[in-house]
Amino acid sequence: MLLSHAPPLPFLLTTLLHYQPRHYSRALFSSPLFPTNHSSSQSRRSSILPMNGVTIAADDSSSTSSPDHFTGDWLSVPSLRLRDHRFTCPLDYSRGLQSSPKITVFAREVVAVGKEEQSLPYLLFLQGGPGYECRPPTESSGWIHKVCEQFRLILMDQRGTGLSTPLSVSSMSQFKSAIDLADFLKYFRADSIVNDAEFIRVRLVPNAGPWTILGQSYGGFCAVTYLSFAPQGLQQALLTGGIPPIGDGCTADTVYRASFEQVKHQNEKYYKRYPQDIKIVQELVSYLAEQEGGGVALPSGGILTPRGLQTLGLSGLGSSSGFENLHYMFERVWDPTLVPGSPKQISHYFLNSFESSISVDTNPLYALLHESIYCQGSSSRWSASRIRTEVDDDKFDAIKAAREGLPVYFTGEMIFPWMFDEIHALKPFKEVAHILSEKKDWPQLYDSKALNNNKVPVAAAVYYEDMYVNFNLSKETASQIAGIRLWITNEFMHSGLRDDGNKVLDHLLGMLNGKKPLF
């Protein structure tokens, strides 16, 4: 459920000022969060909005600065006006607004030029992931252009990403204990993200009114959590490739059993389009297996092994241009022989492209929390790895497939425990990842009863050949959300919003505003 992410941050907004895990001295947390040079201070509203057992106080400030809300100046990019908002939010909402440690949550307000002062309805975009921030707009185009025709768009960097107290390889190194870091990371799932959204809404939207949400991929998972626990904050909901399984326990097992079947189908389609790549991949797998240590060194310091090579399917098999990008990588896999007798060697271009496609070095939260997004009251126990052993297909055994002349199948959106040995950026978090995989007491993310009685208008694009969010599982969940309208299509893959956001949004909005007939 990956989407693009922002460039490296110019500074670190850290939560560690207030957060005191076990065994830590307070001296470690002495740096400030962010400048609190607010332009004005506003009095508190007396109203309190409930959410999932939590009360979130509304603020009279609505688009102005207050003690827990800093608003920046308007900036310009072609055809758009932007301004920054930074909110000081509780890390743990269950402890209350005053008692909890604090983090910073960043949101970027976007409007079409000339509409800065217009009274427009608000739309919150929930980004795919988990663990990825919103890409900063550089111009008015695609789905952003469509949204800004009628909405005031809010791009919220989900907690732990972008400018929202980012959890990077370097910032998480401040924790000296894997147990403490694991305890900290439990606050970065959809339930906390939705609490952040409500915290922001009642401070940003005039009169703390409801807003529309647009959830792409994992953002759609968050949207269903929103519908479960805070529907009072929603005017309507749009989902694109993001309807989650909502069963209790660890639904990751169900997801991966279904996913492996779709991944097989995508591999077959890829090799049908590029049959010449069968031998190229086989040769590459054999080469890697024959190297000392079972692989070759990557530029970052990690190692590329046959099973690591298979993870290219994550970015290469599930999006509209993924097949082409993957094929073009394999076109340049080998260095040319410039000096006769020189040993065969994988090109730096290919090794660098491989690492760029696996972006956990900049967004390690994705790897650490990926399986936990499917957990409610149960542990994942490395679900993808366990289910892979059930898959009766030798083509997923890269070395065996290459040796027997079979096409080598790539894997999909799956995180495996060995990644924390082979990917350099993840090595420091191996113990943390194992702790999280065994964690059982994950709180509920969905409320079936609330969804069965849903009153919020919902429209969802469901992609028939979606490799990341299974079509059949999406339909099963949709049957439990009262009033939801589905647009089922094979015109787009998971990247439909990015590929033709204008068409996708026009269709979904039309389903809710009466332009698309009910039958």
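Residues numbered from 1 in each chain as written. Predicted model: local features only at pLDDT ≥ 70, side-chain atom pairs only at ≥ 80, totals over all residues. Heavy atoms only, no water.

## Looking at the packing of helix α4 (residues 190-204) against helix α5 (residues 218-229)
Here is the rule: Axis angles are defined between N-to-C directions and span 0 to 180 degrees, where every axis is a line fitted to C-alpha atoms and, for a helix, only to the segment in contact. Secondary structure elements are defined from DSSP: runs of H or I of at least 4 residues count as helices, runs of E of at least 2 residues count as strands, and each element is numbered from the N terminus. Reported orientations rely on four angle classes, namely roughly parallel under 35 degrees, roughly antiparallel over 145, roughly perpendicular from 65 to 115, and oblique for the rest. Only heavy atoms enter the contact rule, under which two residues are in contact if any of them lie within 4.5 Å. For this classification, the nonpolar set comprises Ala, Val, Leu, Ile, Met, Phe, Trp, Tyr, Cys and Pro, the charged set comprises Asp, Glu, Lys and Arg, and every other residue, Gly included, is treated as polar.
Where α4 contacts α5, the two axes come as close as 9 Å, and the packing angle between them is 70°. Put simply, α4 runs roughly perpendicular to α5. Of α5, the residues touching α4 (which contributes Ala190, Asp191, Ile193, Val194, Ala197, Glu198 and Arg201) are Tyr218, Cys222, Thr225 and Tyr226. In terms of residue class, the contact of α4 with α5 is made up of 7 nonpolar, 1 polar and 3 charged.

## Describing the pattern of salt bridges
Heads up, the condition is: Whenever a carboxyl oxygen of Asp or Glu lies within 4 Å of a side-chain nitrogen of Lys or Arg, that contact is scored as a salt bridge. For each residue, the accessible area found with a 1.4 Å probe, counting protein chains only, is set against the maximum for its type, and the residue is called buried under 20%, exposed over 50%, and partly exposed in between.
Counted by the stated rule, this structure contains 23 salt bridges. Put simply, Arg201 and Glu198 hold a salt bridge, and the shortest N to O gap is 2.7 Å. Highlighted residues: Arg201 and Glu198, both in helix α4, separated by 3 residues, approximately one helical turn. What makes Arg201 buried here is its relative accessible area of 1%. You can call Glu198 buried: its relative accessible area is 2%. Here Asp421 makes a salt bridge to Lys430, at a shortest N to O gap of 2.8 Å. Judged by relative accessible area, Asp421 falls into the partly exposed class, the value being 37%. Given a relative accessible area of 33%, Lys430 falls into the partly exposed group.

## A short note on the nonpolar core
Cut-off, in case you're wondering: Here, the term nonpolar core denotes a set of buried Ala, Val, Leu, Ile, Met, Phe, Trp, Tyr and Cys residues that are joined through side-chain atoms within 4.5 Å.
With 127 residues, the main nonpolar core has Leu185, Trp211, Leu309, Phe330, Phe350 and Phe420 as its most contacted residues. Of all hydrophobic cores here, the second largest spans 28 residues; its members include Val110, Leu123, Cys134 and Met511.

## Quick notes on a nonpolar patch on the surface
As a reminder of what qualifies: A patch is a set of surface residues, each over 30% in relative accessible area and not in a salt bridge, joined within 9 Å for like charges and within 5 Å for the nonpolar side chains Val, Leu, Ile, Met, Phe, Trp and Tyr. Note on areas: Shrake-Rupley with a 1.4 Å probe; residue coverage comes only from the protein chains shown.
A contiguous nonpolar patch, built from Tyr464, Leu486 and Ile488 and spanning about 270 Å² of accessible area, is present on the exposed surface. Note on placement: Tyr464 falls in the loop between β15 (458-463) and α18 (471-478). Of the residues examined, Tyr464 reaches a relative accessible area of 47% and is grouped as partly exposed.

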